[in-house]
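Examining the three-dimensional arrangement
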Amino acid sequence: MIAYPPEPWRIKMVEPIRATTRAYRERALRAAGWNPCLLRSEDVYVDLFTDSGTNAMSDRQWSALMRGDEAYAGARSFYVFEEAVRAHYGYPHVIPVHQGRGGENILSRCLIRPGTHVPGNMYFPSTRAHQELNGATFHDVIIDEAHDPVSEHPFKGNVDLDKLRAVLDACGPANIPYVSVAATVNMAGGQPISVANLTEVCELAHHHGIPVFLDTARAVENAWFVKQREPGWARRSVAEILLALCAPTDGAVMSAKKDSFANIGGWIALRDAELAEQARGLVLLFEGLHTYGGMAGRDMEAIAQGIAESVEESMIAARVAQLEYLGRRLRDAGVPVLRPIGGHCVCIDAAATLAHLPRDQFPGQTLAAAVYVDAGIRGVERGAVSAGRDPLTGRNRFPALELLRLAVPRRVYTRSHIDHVADSVIGVHDHRDAIARGLTFTHEPPHLRFFQARFAPVAGASIFAE
Ligand SMILES: *Cc1c(COP(=O)(O)O)cnc(C)c1O
C-alpha cells in the first residue's frame, strides 16, 4: 500500500471535465501539430501540462479577491502583498510583476551586459532565455547527479562548487553579474537544493563580490524536502526553513503561479536599495506601476493569502504525498521514473522508455503525444525540444535528461484522477513497441520553441505502428 493521506481540504465548487474517444484525441492532436501544448484544454481530461497558475484557490483566497483595492497608485492591496512577501521570504524590497518571467526580464536587464556569464543550477527555459537575450552565456554548475535519472541523491539541485569555481576562474568574477540559483530545480524534475549548499554558494560568490539571486517559484516545496532530508532541520517549521533558504541570498524572482496557489502574478524581492530603485524604474516600462506591476489589486490580495497557506505544513505535506503516490505507482509497475520523486512533478525517462527512437526524433515529445492519445492526459516534454538550439552554433541541444514531465496542479485532482493517470501511463509503457516512430519539426519558433512548435511523424501519418 502506498500512502495517500487525506487532503486537508474539501471540495466546495466543481468544474466539469470531458472524456473523449481515442479516435477523437488522435484527430485533435494531429490538428495541434502533435504538440499537446497546442491542444484546447477542453480536449484534455487530466491536465498535467503544468502546475503553473493551474492551482485551485481556497475560499479564503476567493474572498480576498473582494478586498482588492484597484487604485492605480499606492493600493492598500499592494501593502498587504508586500507585507506577506517580506514576512515569509525576508527581503525588504518587494516589487510586483505580472509573472515570473516579467521579473526575469527586469533583473536580467538591470545586471547583464553583453559578453558576461551567468552560472546556475541547471537552466530554466524562460530564465536562460532572458539571460541570453541580454547577451550573457549561461553555465550549468549543478552537480552531475542531477543529470542522472536514477541517482537517489537527496539534493540533486545542489551546485557543484568546483564547477562554480571553474567558471569563476575561466570567466573572471568581473564578468559574472550574478549567480542564478533555483529552489527547487524544475528541469531536474523538482529536485531541491540544501540550505548548506546554498549557503556555501553564497559565501563563495560573495567572496568575489558577486550577488546570488534565487528562483523561489517552488522554494516552499524545497523547504519541505530540507525538513525531511537535511540533517538538523527536522524540527524547524517549513516557514522557518523558507526564511533560512532566502537569508544568504541577495534577492529572488518569484512566479506566484507555483507555490503561492495563485493563477497569475509574481514579484522581485531584493536587499539592495539601489538595485531595487533601478528595477522599479524598469517595472514602470515593462510591467506597470511599481505598486501593481501588471497585477490587479485583487490578484495581490489572493497571493498574500496564498503565501500564508503555502507554508501550512499539512498543505505542503499533502501536496508532496500526492506526487510521491503517483511516482511510486509508476515505479512499482516498472516505468522508468526520475528519482527521487520531485516536489511538483513526476518525470518519466522518455529516452529509456522509447529507447528504440533516436534522440533527434524527440522521444520526450513523442511520449507526450502517445500519453495524450491513450487517455487524454496532457504532460509536457522536458528534453531536447525544451532545450532549444545553442545561440552560438545554432545546433540542437541534447540535454542528458529526456523527460516526459507530469506536473500536478495544487489542490485540483483527486486520487482517482491520479490513478487514472498511473493506469494509462503504465499501459503506454507496457505497449511502448506500438510507438513505431518519432516526430520532426514542421514549424520551429526561435524562442521557447516548445510552446508553439508543430511536428509531424518522421514517416507515415502516425507515430503508432499502422
Ligand atoms: C514557472 C517558472 C518560471 C517563470 O515564471 P512564469 O510565472 O511562468 O513567468 C521561472 N522559474 C521557474 C523555476 C519556473 O518554474
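Structure's up top.
These lines cover the structure that appears in this document, whether it is placed above or below. (Residues numbered from 1 in each chain as written. Predicted model: local features only at pLDDT ≥ 70, side-chain atom pairs only at ≥ 80, totals over all residues. Heavy atoms only, no water.)

1. Overview of the site of the ligand
Taken together, Q99, G100, R101, E104, F124, S126, N186, D215, R218, S255, K257 and K258 make up the full set of residues adjacent to the ligand. Between the ligand and the protein, one listed contact pairs a nitrogen atom with a side-chain N or O atom of D215 at 2.5 Å. In isolation the ligand exposes 370 Å². Once the protein is present, 96% of that is buried. The pocket occupied by the ligand, as judged from atoms lying within 2 Å of grid points, is the second largest pocket. The element contributing the most residues to the shell around the ligand is helix α4 (residues 100-111), with three residues. (Near = heavy atom within 4 Å. Polar contact = N/O pair within 3.5 Å; in protein donor to acceptor, adjacent residues only side chain to side chain. Areas by Shrake-Rupley, 256 points an atom, 1.4 Å probe, with all protein chains shown as cover. 1 Å grid on protein atoms, 1.4 Å probe; cavity = no way out; pocket = protein on both sides within 12 Å on 5 of 7 lines; lining within 4 Å. Sits in = over half its atoms within 2 Å of the grid points. Helix = DSSP H or I, 4+ residues; strand = E, 2+ residues; numbered from the N terminus.)

2. With respect to the packing of aromatic side chains
A complete count under the given rule lists ten aromatic pairs for this structure. With a centroid separation of 5.3 Å and 70 degrees between ring planes, the pair formed by F362 and F441 is classed as edge-to-face. On the criterion of sequence distance, the pair formed by F362 in the loop between α13 (350-353) and α14 (363-375) and F441 in strand β13 (residues 439-443) is long-range, its members being 79 residues apart. For the residue pair F362 and F441, the accessibility class agrees, reading buried in each case. An aromatic cluster is built from F81, Y89 and W267, whose rings are joined through pairwise contacts. (Phe/Tyr/Trp six-rings, centres within 6.5 Å; stacked < 30°, edge-to-face > 60°. Buried < 20%, exposed > 50% of the residue type's maximum accessible area, 1.4 Å probe, protein only.)

3. Quick word on the packing of helix α3 (residues 76-89) against helix α11 (residues 297-310)
Following both chains from N to C, one finds α3 and α11 inclined at 25 degrees, their axes separated by 8 Å at the closest point. Accordingly, the angle class assigned to the pair α3 and α11 is roughly parallel. In terms of crossing hand, the pair formed by α3 and α11 is left-handed. Contact residues: R76, S77, F78, V80, F81, A84, V85, H88 and Y89 in α3; G297, M300, E301, I303, A304, I307 and A308 in α11. (Axes fitted to C-alpha atoms, helices over the stretch in contact; angles between N-to-C directions. Parallel < 35°, antiparallel > 145°, perpendicular 65-115°, else oblique. Left-handed = near helix turned anticlockwise from the far one by under 90°. Contact = heavy atoms within 4.5 Å.)

4. Some thoughts on the pairing of strand β8 (residues 266-270)
The element β8 is largely enclosed, with a buried count of five among its five residues. One ladder, built from five bridges, connects strand β2 (residues 93-97) with β8; its direction is antiparallel. Across the sheet, V94 pairs through a bridge with A269, a residue of β8. Two strands pair when backbone bridges link them, and strand β7 (residues 251-255) and β8 are joined in this way by five bridges, in the antiparallel orientation. Residue pairing for β8: S255 is matched across the bridge by G266. (Pairing = 2+ DSSP bridges.)

5. Observations regarding the sheet that holds strand β9 (residues 345-349)
Strand order across the open sheet formed by three strands is β9-β12-β11, with antiparallel pairing between neighbours. At either margin of the open sheet sits one strand with a lone partner, and together these are β9 and β11 (380-382). Taken over all neighbouring pairs, the strand axes of this sheet differ in orientation by 35 degrees on average, direction set aside. Here β9 pairs with strand β12 (residues 403-407) via five bridges, running antiparallel. Across the sheet, residue I348 finds its bridge partner in β12, namely L404.

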